[in-house]
Amino acid sequence: MAYSDDLLNIFDLDDALEKVGGDREILEEILEVFSESYPDQLSELKNAIGNGDAPIVERAAHTLKGSVGTFSAKKALETAFRLEIMGRDGLLQEAAAEYSKLEQEVEELDAALRATLSES
Amino acid sequence: MKILIVEDDPVSRRLLEVTLSKFGYEVVVTSNGNEALEVLQGPSVSSLVISDWMMPGMDGLELCRNIRGMKKSSYTYFIILTAKGGKEDVIKGLDAGADDFLIKPFNSEELKYRVKIGERIINLEQRILKLATTDSLTGVLNRRAFMERMNEEIQRAKREGSPISLILMDIDHFKNVNDTYGHQTGDLVLQRVTDQLMDRSRAYDFVGRYGGEEFVICVLSAEDIDPQSIAERMRQNIEAQNIVTDQNNQTLHITASFGVGTCRPESKDGLDALIKRTDEALYEAKNSGRNRVCLAREE
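Quick caveat: nothing in here was measured; it's all calculated off a predicted structure.

A. Main features of the interface of chain B and chain A. Of the residues lining the interface, 23 residues belong to chain B; the matching set on chain A comes to 25 residues. Approximately 2000 Å² of surface area, both sides summed, lies buried where chain B meets chain A, with 63% of it carried by carbon and sulfur atoms. Taken together, chain B and chain A are joined by 2 salt bridges. Between B:Lys22 and A:Asp23 there is a salt bridge; the shortest N-O distance is 3.1 Å. Where chain B touches chain A, the interface holds 7 residue pairs in polar contact (both at pLDDT 80 or more). Broken down by element, the residue count for the side of chain B that touches chain A peaks at 8 residues, all from helix α1 (residues 10–22) of chain B. Here the residues of the side of chain B that touches chain A sort into 10 nonpolar, 6 polar and 7 charged.

Next up, the structure:
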């Protein structure tokens, strides 16, 4: 099956599979954990941005980066990383806009992962 | 081998857990440094820790420093996880005492080999530790290791308010065995006698070789059991045992003398004073005809 560049930007299944030693079941299992945990992670990040709490922004974005990185989710990873840097540098002016983007990308990722991994 | 995972991100945590279990490791999972420290201070032994760096509360670096500051009887191998492009800097991690790094998102094969490196080092350490603490002839603790452990147990018993006892044992006329049958037979006698001591001591008690033909046994929480009767059973078993020599199938009979001393929790006595009293009891057993158990005077 060939993946379009768009989907590849959301996540790279081959790369993600390679990281777990080709074990699709592991990927399916951690997807369950991801679907359950990302809403809380997102709201922690959102609250921190609302409160202007840069260190929490940095850490929460960092954690999310780790989560989406597991699925080789290029777009969401980059956005989370930008938020992490904003938190680290204490520059939160654009964080809210960046957050909206991340929220959308993470939801998109979850849906794409579910569609792909429930195939076969 | 048991591995302790410390990771706040549920996805990475589950991934580590599933992957390491698949590789056959026993896994304990925690989500921050404080939880991990609690586990490490508990009774279960995880000799390898894989910890994330950035976590709420105690982070990975601080956890590592804490572990290095703990008085542990064996080494804890520490692998710290860092994110690509993160501000975590390798030197800071090494400075905190980490043994190795793994960059997230990690590859499961790489994880496997990093853990194997850790396992090799832990096994090596355990082998060296065993060699350094064991009496090679009899397999029981050597004198230094016994004394170290006995010291710890006395402190613990005092904290917990329970008595602790020491049995000091000396094989009777051992010099004659060596002189008559040779040193190989002498060694055999030491091994057979050790078997009886091990056989008659309970799982949580421990046996050490004090010197040539002298042995020591620590009897823990001597409240509900009588250390004197344990020593008496040891004495009887040794006396009843037939030791057949390798060379000419001769059967030897050996006896031993015992001194038994107890340290009460309210006592100010340390190990040295306990040994002194117990040694006096052993001396009395020797002087009053051998092959008997004598109780040390109360302090």
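Structure shown, so let's carry the discussion forward.
B. Examining the pairing of strand β6 (residues 164–171) of chain B more closely. All names here are of chain B. Judged by how many residues are buried, β6 sits mostly within the fold: 8 of 8 residues are covered. Burial of the side chains of β6 extends over both faces: Ile164, Leu166, Leu168 and Asp170 are buried on one face and Ser165, Ile167, Met169 and Ile171 on the other. Where β6 and strand β11 (residues 256–263) come together, 8 bridges link them in antiparallel fashion. Bridge pairing links Leu166 to Gly261 in β11. Relative to strand β8 (residues 214–219), β6 is paired through 6 bridges, and the arrangement is antiparallel. Paired with Asp170 across the bridge in β8 is Glu214.

C. Summary view of the confidence of the model for chain B. For chain B, mean pLDDT is 92; residues scoring 70 or higher make up 98% of the total. Overall fold confidence (pTM) sits at 0.74, and the ipTM for the predicted complex is 0.87.

D. Focus on the nonpolar core. Counting residues in each nonpolar core, the largest one holds 56 residues, and the members touching the most others are A:Leu27, A:Phe34, A:Leu45, A:Leu102, B:Ile50 and B:Val115. No other element matches the 11 residues that helix α3 (residues 24–51) of chain A contributes to this core. Setting aside residues no more than four positions away along its own chain, B:Val115 makes contact with B:Met1, B:Ile3, B:Leu20, B:Tyr25, B:Leu48, B:Ile50 and B:Ile79. Membership of the second largest hydrophobic core comes to 26 residues, among which are B:Leu190, B:Leu197, B:Val219 and B:Ala231.

E. Structural view of the packing of helix α6 (residues 143–160) of chain B against helix α10 (residues 271–287) of chain B. Residues and elements named next belong to chain B. Interaxial distance between α6 and α10 falls to 10 Å at its minimum, and their mutual angle equals 110 degrees. One finds that α6 runs roughly perpendicular with respect to α10. Taken together, the residues of α10 that come into contact with α6 (itself represented by Met147, Met150, Asn151 and Ile154) are Leu271, Leu274 and Ile275.

F. Summary view of the pattern of salt bridges. Following the criterion strictly, the structure yields 35 salt bridges over all chains and no others. Here A:Lys19 ties to A:Asp15 by a salt bridge, and the two come within 3.7 Å at their closest N and O atoms. Of the two residues, A:Lys19 and A:Asp15 are both situated in helix α2 (residues 13–19); the distance of 4 residues between them amounts to about one turn of the helix. A:Lys19 sits in the buried class, given a relative accessible area of 12%. One salt bridge connects B:Asp172 with B:Lys286, and the closest N-O pair in it is separated by 2.8 Å. Highlighted residues: B:Asp172 in the loop between β6 and α7 (174–181) and B:Lys286 in helix α10, separated in sequence by 114 residues.

G. Local environment of helix α3 (residues 60–69) of chain B. Residues and elements named next belong to chain B. Those residues of α3 lying buried are Gly60, Leu61, Leu63, Cys64 and Ile67. Burial along α3 is one-sided: seen end-on, the buried residues are contained in an arc of 160 degrees. Those residues of α3 that are buried lie in contact with β1 (2–6), α2 (33–41), β3 (48–52), β4 (77–83) and α4 (90–96). One side-chain oxygen of the residue at the start of α3 lies 3.3 Å from the amide nitrogen of Leu61, identifying that residue as Asp59.

Conventions we followed
Starting from 1, residues in each chain are numbered consecutively following that chain's sequence as written. Labels follow written order: the first chain is A, the first ligand is 1, and so on. Reporting in this predicted model follows two pLDDT cut-offs: at least 70 for local features of residues, and 80 or more for side-chain atom pairs to be given and counted; totals over whole chains, interfaces and linings ignore these cut-offs and use all residues. Only hydrogens and water are set aside; all other atoms, that is, all heavy atoms of the structure, feed into the side-chain values. Whether two residues touch is decided by their heavy atoms; if any such pair falls within 4.5 Å, the residues are in contact. Buried area is a sum: the accessible area each of two parts loses on coming together, probed at 1.4 Å, counted once for each and added. Within this document, salt bridges are pairs made up of a side-chain nitrogen of Lys or Arg and a carboxyl oxygen of Asp or Glu, the two lying within 4 Å of each other. Residues adjacent in sequence count toward polar contacts only when both atoms are side-chain atoms; beyond that, a polar contact is any pair of N or O atoms within 3.5 Å, and within protein one must be able to donate a hydrogen and the other to accept it. The helix and strand labels rest on DSSP assignments: H or I over at least four residues marks a helix, E over at least two residues marks a strand, and numbering proceeds from the N terminus. Any residue that is not Ala, Val, Leu, Ile, Met, Phe, Trp, Tyr, Cys, Pro, Asp, Glu, Lys or Arg is counted as polar, Gly included; the first ten are nonpolar and the last four charged. Only protein chains enter the accessibility calculation, which uses a 1.4 Å probe. A residue is then buried if its area is under 20% of the maximum for its type, exposed if over 50%, and partly exposed in between. Paired strands are those between which DSSP finds at least two bridges. Confidence of the predictor at the level of single residues is given by pLDDT, which spans 0 to 100. Residue types Ala, Val, Leu, Ile, Met, Phe, Trp, Tyr and Cys, when buried and joined through side-chain atoms within 4.5 Å, form a set referred to as a nonpolar core. Here an axis means a line fitted to C-alpha atoms, over the contact stretch when the element is a helix, while the angle between two N-to-C directions is reported on a 0 to 180 degree scale. The labels follow the angle: roughly parallel below 35 degrees, roughly antiparallel above 145, roughly perpendicular from 65 to 115, and oblique for the rest. Here the arc refers to the set of directions running from the helix axis out to each C-beta atom.

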